[in-house]
Amino acid sequence: MRTPRLRTVHPALWAGWTALAAGAVLCVLGWYGVSGERYAERQLPYLASCSIPGAALIVASSILLTHGRSALAASRVEELYGLLVAAGPADTEESARAAVAPLAVSGDLLMVPGGTLWHRADCPLVAGKPEAVPVDAKLVANGELSPCPICEPAEADD
C-alpha cells in the first residue's frame, strides 16, 4: 500500500523564483532611473547598480529553476522506479510464456480489403471487424500480403 508523502518544493526552485523577482524589480528600477536622465554619464550609475545586476539575477534564476526542476524530476523517477521494483512480476515463468506465445491461435485467416497484412481470425487487429474477409490465396502467393506480426499466422496455415 502506498503512503501519501508530503510534496515539498525543492529549495532551488524557491531561490530561483526569488532571484527572478528581484532581478525583474532591479531591471525596472534601472530602466526608470535611466529614462529620467538626459545625459549618458548620469545614466551609468543606474546601469551599474540596477540593470546589470538585475539581468545577472534573471540569468541566475533560470539556472536555479532548471536545476530545481531536474532535481524534482529525478526524485519522481526514483520514486516510480521504487514502485516498479516493489511491484515486480508475480509469476515470471507465466509472464515469459505469455510473451513468447502469439496472441491468436485460430486456423481461419482473414484480411481487411485494402490492407497489407493477413491475420488469424482471432487476431486483435481484425477481431470483430465486419469488413474483414477471408484471405485471397493469390494475394498471399504474389507477396502483396504479409503475415501479421501480432498474431503470427504461419504460411502453412494458408
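Moving on: the overall build of the chain. Across its full length, the chain holds four helices and four strands. Mapped in sequence order, the helices and strands of the chain form the string α-α-α-β-β-β-α-β. Per-residue burial over the chain gives 20% buried out of 158 residues. Put simply, of all contacts in the chain between residues at least 6 apart along the chain, 60% involve residues at least 24 apart. Of the roughly 11,200 Å² of accessible surface on the chain, a fraction of 65% belongs to carbon and sulfur atoms.

What follows covers the pattern of salt bridges. What the rule picks out here adds up to one salt bridge. Put simply, glutamate 37 and arginine 42 hold a salt bridge, and the shortest N to O gap is 3.6 Å.

Our focus in this paragraph is a nonpolar patch on the surface. Together, Leu44, Leu47 and Ile52 give the surface a local cluster of nonpolar side chains, amounting to about 290 Å² of exposed area. Relative to the helices and strands, isoleucine 52 is located in helix 2 (residues 40-87).

Here helix 1 (residues 11-35) spans 36 Å end to end across 25 residues, near enough to the 36 Å set by a 1.5 Å rise per residue. Among the residues of helix 1, Ala12, Leu13, Gly16, Ala19, Gly23, Gly30, Gly33 and Val34 are the ones counted as buried. Those residues of helix 1 that are buried are in contact with helix 2.

In this section: the environment of isoleucine 150. Of note, isoleucine 150 is situated in the segment after strand 4 (146-147). Residue isoleucine 150 is classed as partly exposed on the basis of its relative accessible area, which comes to 36%. For isoleucine 150 and leucine 125, which are 25 residues apart along the polypeptide, the C-alpha to C-alpha distance reads 8.2 Å.

Note on placement: arginine 120 falls in strand 2 (residues 117-120). At a separation of 3.3 Å, a polar atom in the side chain of arginine 120 contacts the main-chain carbonyl oxygen of cysteine 151.

Take the packing of helix 1 against helix 2 next. Close contact between helix 1 and helix 2 brings their axes to 7 Å; oriented N to C, the two are set at 160 degrees. The angle between the axes of helix 1 and helix 2 places the two elements in the roughly antiparallel class. Seen from above, helix 1 lies across helix 2 with left-handed handedness.

Conventions used here
- Residues numbered from 1 in each chain as written.
- Predicted model: local features only at pLDDT ≥ 70, side-chain atom pairs only at ≥ 80, totals over all residues.
- Heavy atoms only, no water.
- Helix = DSSP H or I, 4+ residues; strand = E, 2+ residues; numbered from the N terminus.
- Buried < 20%, exposed > 50% of the residue type's maximum accessible area, 1.4 Å probe, protein only.
- Contact = heavy atoms within 4.5 Å.
- Areas by Shrake-Rupley, 256 points an atom, 1.4 Å probe, with all protein chains shown as cover.
- Salt bridge = Lys/Arg side-chain N within 4 Å of Asp/Glu carboxyl O.
- Patch = residues over 30% accessible without salt bridge, like charges linked within 9 Å, V, L, I, M, F, W, Y side chains within 5 Å.
- Expected span 1.5 Å × (residues − 1).
- Polar contact = N/O pair within 3.5 Å; in protein donor to acceptor, adjacent residues only side chain to side chain.
- Axes fitted to C-alpha atoms, helices over the stretch in contact; angles between N-to-C directions.
- Parallel < 35°, antiparallel > 145°, perpendicular 65-115°, else oblique.
- Left-handed = near helix turned anticlockwise from the far one by under 90°.

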